Amino acid sequence: MDRMLDSIKKKMDSYEESVPEGLWDDIVSSVSVPEPSRKRVAIMPWVWSTLAAAAVAAVVVFLSVNHPSDTLQTISDNLSVVGQDNPATSQPNPSSSVQIEEVRAADDDHCAEKGSQARLGSLVAQATVVEGDVQGHDVPDEPEEVELAEDETRVAVESDSDPVDSEILRSVPHTSHDGEDWSGRMSASADGRHRPSFLPESAGAVFSGALTQSQMESVFDPKSLYHGAPQSSGKDDEQETVQNRPLRKVPASRIPAVTTDTKHYRPIRVAAMARWKFNDILGVESGVAWTILNSKITTSSGDLTTTEDKQQLQYIGIPINLSASFLNGRAVSLYASGGGMAEKCVSAVVRHREYVSDSKVSSSSDRISVDPLLWSVNAGLGVQANVMERFGIFLEPGLSYHFNDGSDVQTIYKEHPLDFMMTFGLRVSFR
Amino acid sequence: MKVLTGDIEKRVVELAQAGDRDAMKQIYDCYSRYLAAVCSRYVTAPSELRDVLQDAFVKIFDNLHRFEYRGEGSLRAWLRQVVVNEALRRLRDRKKSSTVEYRWEMPDMESESDDADVGEVPPGVIQDMIKELPDGYRAVFNLYVFEEKNHREIASLLGITESTSASQLHRARAILARKITEYRKRKEID
């Protein structure tokens, strides 16, 4: 400002003029004088209890409303029994079509030990052919004949469309289970074309991983799995025992797929906040926030077995936000807010239920531990009903970004770190 | 002129916020003349001046509970802000409803002038000179000099461009400088 204007400002700083006659009377008649504070204090307990009841009712309503964020994952697995040893029969029934043999992958040299008895090794109770995993191999019905060595048991898996593995050579090591008869355990028929039907035995083991990860992975070598019931080679050979017959490749359509359905429900957050004003517009606020994360993981295998896990995590967090008011009405205020929050998981429970043919066969409840803090940043717009001068009920929709806490627990935050968030609660404003 | 200072003023404000009519009257008695001078620089017609002052004081007392006392001078500044806002609202309403073209632009009749010495010119005379400025020039001048707004803020408040605000301030200054110079010459002759 130049010198002249500055001089004018200083000269006029304390200048006064006469006031129109009767102005005060007109003002007094128009001013709505607020009620004395004594009356406000008298009604506070009643208002507090009403607000508390309204807040509890709002929490109940929100908890009963599901807004799922669906994550559907369908995975077809090659199931296997891991680490299970089945004894070979010592006196095989020639009429039986079941052959128990150790099967290993062609490139697996770990089991390359010689023996005279076959046993079911670490692989194959049930196999499935998965599209894309078999590299386009066909499944012929009739394998070619196999000529067995005296001290070896071989299973030849030959397929015209299988250029990679023309023969799977296996040696059978001796075990303490040699000579045991397990033929009665298998479902078999005389013609050797019926394959045993096994339920997936590793479903439980696989599903336990769902607690920590929402996706099941297939890690099996398909070449070692595509065998079902042994079938007759057509040779009238007394030396061809059950153990020596080749196993038939099983069509994939007969093997039930394992389906995992993960649902993460929309988080629910309730907060009690206190705000300190810098001026009429800006302020800082903090408080306590309680967040509930619900997830449901359902695993089904075929039409028989269903396992359901319901996971609920409860977090207590301390948010720190800056807020800017752009409408400060007597009844309603509008504001924008942004900041961060650190949350600690105070409760993590997984309720496990198993169903077979829609009948619940077992249920259990486990507590899990989520140690790391959960950090997040957020921004949103809020509307507050000013119930009293410094007390209001607010509703604040916005966006939040949750950083990976490094834990193994799967939540909606892991899948959607940037997501919509709705917060409601009570706010006390301090000057 | 009554003066409220320091803790006394703070106490009066607290009482007025609690609804004490006497405290409100004390604030009115202390600041009404000052606020009338501020308001008359924006709104010159006596009937409009009364309406603006009444509306402003009603808003002041209705919203006094939102005011936070931050020391001597904070109340005075807040009261002036309310009055200025009310005066600008009246100017904007008049601009919208006027059937006569509301002239924010005047033909450029003033030339560059040197600074005029304001020193011995009475405040009342300067007040009258400011009131004689065209409406648009006067609003820009008042906001720039007394409210210390920049041209961007003035443009936003008045609904004009920054360049218009700058040019009108320049012209208002030139007019005032000429009037002050002429007044000083008349006084020297007298």
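Residues numbered from 1 in each chain as written. Chains lettered and ligands numbered in written order. Predicted model: local features only at pLDDT ≥ 70, side-chain atom pairs only at ≥ 80, totals over all residues. Heavy atoms only, no water.

Describe the interface of chain B and chain A, with residues and values.
Taken together, the contacts link 47 residues of chain B with 38 residues of chain A. Here chain B and chain A share an interface that buries about 4100 Å² over both sides, 60% of which is from carbon and sulfur atoms. It is Arg33, Arg50 and Arg66 of chain B in chain B that bury the most area against chain A; as a group they hold 15% of the surface buried on that side. At the boundary of chain B and chain A, one finds six salt bridges. A salt bridge links Arg33 of chain B to Glu16 of chain A; the shortest N-O distance between them is 3.4 Å. In terms of residues, the side of chain B that touches chain A owes the most to one element, helix H2 (residues 21-42) of chain B, which gives 11 residues. Of the residues contributing to the side of chain B that touches chain A, the split by class is 24 nonpolar, nine polar and 14 charged. (Contact = heavy atoms within 4.5 Å. Buried area = accessible area lost by both parts, 1.4 Å probe. Salt bridge = Lys/Arg side-chain N within 4 Å of Asp/Glu carboxyl O. Helix = DSSP H or I, 4+ residues; strand = E, 2+ residues; numbered from the N terminus. Nonpolar A, V, L, I, M, F, W, Y, C, P; charged D, E, K, R; others polar.)

Describe the environment of Ser337 of chain A, listing the residues and the values that go with them.
All names here are of chain A. Inspection of the secondary structure puts Ser337 in strand E8 (residues 332-356). Distance from Ser337 to Glu285, taken between C-alpha atoms, is 9.3 Å for residues 52 residues apart in sequence. If sequence neighbours within four positions are ignored, Ser337 has contacts with Glu285, Asn321, Leu322, Ser323, Asn378, Ala379, Gly380 and Glu396.

I'd love a proper account of the confidence of the model for chain A, names of residues and values included.
Per-residue confidence for chain A gives a mean pLDDT of 64, with 45% of residues at or over 70. Contacts for the low-pLDDT stretch residues 66-171 of chain A, under 50 throughout, to residues beyond four places or in other chains number 279 contacts. (pLDDT = per-residue confidence, 0-100.)

Go over the nonpolar core, please, and point to the residues and values.
Residues Ile8 and Ile27 of chain A together with Leu35, Phe61, Leu75 and Phe141 of chain B are the most contacted members of the largest nonpolar core, which totals 73 residues. Considering every element that reaches this core, the biggest residue donor is H2 of chain B, with 13 residues. Inspection of this core shows a minimum of three residues originating in each of domain 1 (6-97) and domain 2 (123-189) of chain B. Discounting chain neighbours no more than four positions away, the residues touching Ile27 of chain A are Tyr28, Gln54, Phe57, Val58 and Phe61 of chain B. (Core = buried A, V, L, I, M, F, W, Y, C linked by side-chain atoms within 4.5 Å. Buried < 20%, exposed > 50% of the residue type's maximum accessible area, 1.4 Å probe, protein only. Domains from an automatic or database assignment.)

So what about the environment of His264 of chain A? Which residues, and what values?
All names here are of chain A. Along the polypeptide, His264 turns up in strand E4 (residues 258-265). Spatially, the C-alpha atoms of His264 and Asn294 are 6.2 Å apart, while their sequence positions differ by 30 residues. Side-chain polar atoms of His264 contact the side chain of Ser295, separated by 2.7 Å. Polar contacts involving the side chain of His264 include one to the side chain of Glu415, which spans 3.2 Å. (Polar contact = N/O pair within 3.5 Å; in protein donor to acceptor, adjacent residues only side chain to side chain.)

Tell me about the pattern of salt bridges, and please be specific about residues and values.
In total, this model carries 25 salt bridges over all chains according to the counting rule given. Lys131 of chain B is paired through a salt bridge with Glu17 of chain A; the nearest N and O atoms lie 3.1 Å apart. Taken together, the positions of Lys131 of chain B in helix H5 (residues 123-131) and Glu17 of chain A in the loop between helix H1 (3-12) and helix H2 (23-30) put the pair across two chains. Lys131 of chain B sits in the partly exposed class, given a relative accessible area of 25%. Here the residues in one salt-bridge network are Glu285, Glu396 and Arg427 of chain A, joined through shared partners.

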